[in-house]
Amino acid sequence: MVTDDAQTRVSTRREWPWWAPSVSAGLVSAALLGLMTWLVLERTWFIGWDWDFHVYVDTRQPGGLTKTLLDTVARFGGQRLYTLPIIAAVGLFVAYKQRSVRVLIAIVAGLATVLFIGYWIKFGLGRTPPASGQDVLHGVGQAFPSGHTANATLTWFLLVVVLFGANGLKPDPVRFRRYLWVAGTLVVVTGFLMTALDYHWVSDIPGGMALGLLALMISVTVLKAPPLRLPRRE
């Protein structure tokens, strides 16, 4: 027998608007990104490990073939030169199969979020990268947030959403959960390599993840939006 309280909870969940989950997650991501930006700007504990980790890896950089392979993995994981053709090709394929441009609009919305918000923060802070040998703001640099990590977060998670999500090409909850783990692994590996190869400070990576998640939630909101119905003329 279902109690009145249980029925009330079920009824409340069913009455949630379609946009509530993705918009809520997007707002949380935006808040985290704003908080991390402020923490970097104020030079707080958030950047406490950055210099020590840079000093540690700076003298331990690999060389030769190992360096080339790690650079290739890092670039493939998050450099727009590689991720953009992948997400564009998959988006065009899904749009063709679904006979709808909605997935393309969702992808463009996510990419635009990473581009405009990312570079707005980058140019606003002007944080120098580890390769400069100094960590200063308003200098010649665009270190925070990590664009590679943001691209990786948006690209690999969005691929799973458009292929196996509820509004994807082949909705499959089992594959969806399985490949979310794969996407998460790619993001973590990309972020780690960007710091281990001394291209980014440690604190740049969570900033990139927050930016990527914000962009992802905007794309998901576009995918889930109900079709626009224009009023008919009588």
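Okay, so let's go over this structure. (Residues numbered from 1 in each chain as written. Predicted model: local features only at pLDDT ≥ 70, side-chain atom pairs only at ≥ 80, totals over all residues. Heavy atoms only, no water.)

Moving on: the environment of Thr195. Its location among the elements puts Thr195 in helix α8 (residues 173–196). Judged by its relative accessible area of 6%, Thr195 is buried. Along the primary structure Thr195 and Asp50 are separated by 145 residues, whereas in three dimensions their C-alpha atoms are 9.3 Å apart. Setting aside anything within four residues of it in sequence, one finds Thr195 in contact with Phe53, Val57, His200, Trp201, Val202 and Ile205. (Helix = DSSP H or I, 4+ residues; strand = E, 2+ residues; numbered from the N terminus. Buried < 20%, exposed > 50% of the residue type's maximum accessible area, 1.4 Å probe, protein only. Contact = heavy atoms within 4.5 Å.)

Below, the discussion takes up the packing of aromatic side chains. Scanning the model with the defined rule gives five aromatic pairs in all. When the centroid spacing of 5.6 Å and the interplanar angle of 40° are considered together, the rings of Phe76 and Trp156 count as tilted. Of this pair, Phe76 sits in helix α4 (residues 64–78) while Trp156 is found in helix α7 (residues 147–164), placing the two residues 80 residues apart along the sequence. (Phe/Tyr/Trp six-rings, centres within 6.5 Å; stacked < 30°, edge-to-face > 60°.)

Once that is clear, we can look at unusual backbone geometry. Most peptide bonds adopt trans geometry, and most residues besides glycine take a negative phi value. Phe144 connects to Pro145 through a cis peptide bond whose omega is -10°. Inspection of the secondary structure assignment puts Pro145 in the loop between α6 (102–125) and α7. Residue Asp198 is not a glycine yet carries a positive backbone phi of 70°.

This part takes up the environment of Gly141. Here Gly141 is to be found in the loop between α6 and α7. On the basis of relative accessible area, Gly141 is assigned to the buried category, the value being 15%. Spatially, the C-alpha atoms of Gly141 and Pro206 are 18 Å apart, while their sequence positions differ by 65 residues. Sequence-distant contacts of Gly141, defined by excluding residues within four places in its chain, comprise Lys122, Gly126, Arg127, Thr128 and Pro129.

What follows deals with α7. In a regular helix each residue adds 1.5 Å, so 18 residues correspond to 26 Å; α7 covers 26 Å between its end C-alpha atoms and thus fits that length. Extensive coverage of α7 is indicated by the burial of 17 of its 18 residues. (Expected span 1.5 Å × (residues − 1).)

In this section: the side chain of Asp50. Here Asp50 lies in helix α3 (residues 50–58). At 2.7 Å, the side chain of Asp50 and the side chain of Arg127 are in polar contact. A polar contact is formed between the side chain of Asp50 and the side chain of Ser203, at a distance of 2.5 Å. Each residue touching Asp50, except ones within four places of it in the same chain, is listed here: Arg127, Trp201, Val202 and Ser203. (Polar contact = N/O pair within 3.5 Å; in protein donor to acceptor, adjacent residues only side chain to side chain.)

Inspection of the secondary structure assignment puts Thr37 in helix α2 (residues 20–41). Judged by its relative accessible area of 16%, Thr37 falls in the buried class. Of the polar contacts made by the side chain of Thr37, one reaches the backbone oxygen of Leu33; its length is 2.7 Å. Ignoring anything within four residues of it in the chain, the contact list for Thr37 reads Ile121, Leu125 and Phe144.

On the surface, Val28, Leu32, Leu35 and Trp38 cluster together to form a nonpolar patch covering roughly 390 Å² of accessible area. For Leu35, the location among the structural elements is in helix α2. You can call Leu35 partly exposed: its relative accessible area is 43%. (Patch = residues over 30% accessible without salt bridge, like charges linked within 9 Å, V, L, I, M, F, W, Y side chains within 5 Å. Areas by Shrake-Rupley, 256 points an atom, 1.4 Å probe, with all protein chains shown as cover. Salt bridge = Lys/Arg side-chain N within 4 Å of Asp/Glu carboxyl O.)

Here we take up the pattern of salt bridges. Counted according to the given criterion, the structure contains six salt bridges. Taking the shortest distance from any N to any O, the salt bridge between Arg127 and Asp50 comes out at 2.7 Å. Of the two residues, Arg127 sits in the loop between α6 and α7 while Asp50 sits in helix α3, which places them 77 residues apart along the sequence. Residues Arg127 and Asp50 agree in their burial class; the two are buried. One salt bridge in this structure joins Arg127 and Asp204, with 2.9 Å as the shortest N-O distance. Pair noted here: Arg127 is in the loop between α6 and α7 and Asp204 is in helix α9 (residues 204–224), with a separation of 77 residues, a long-range link. Pair check on accessibility: Arg127 and Asp204 agree, each one buried.

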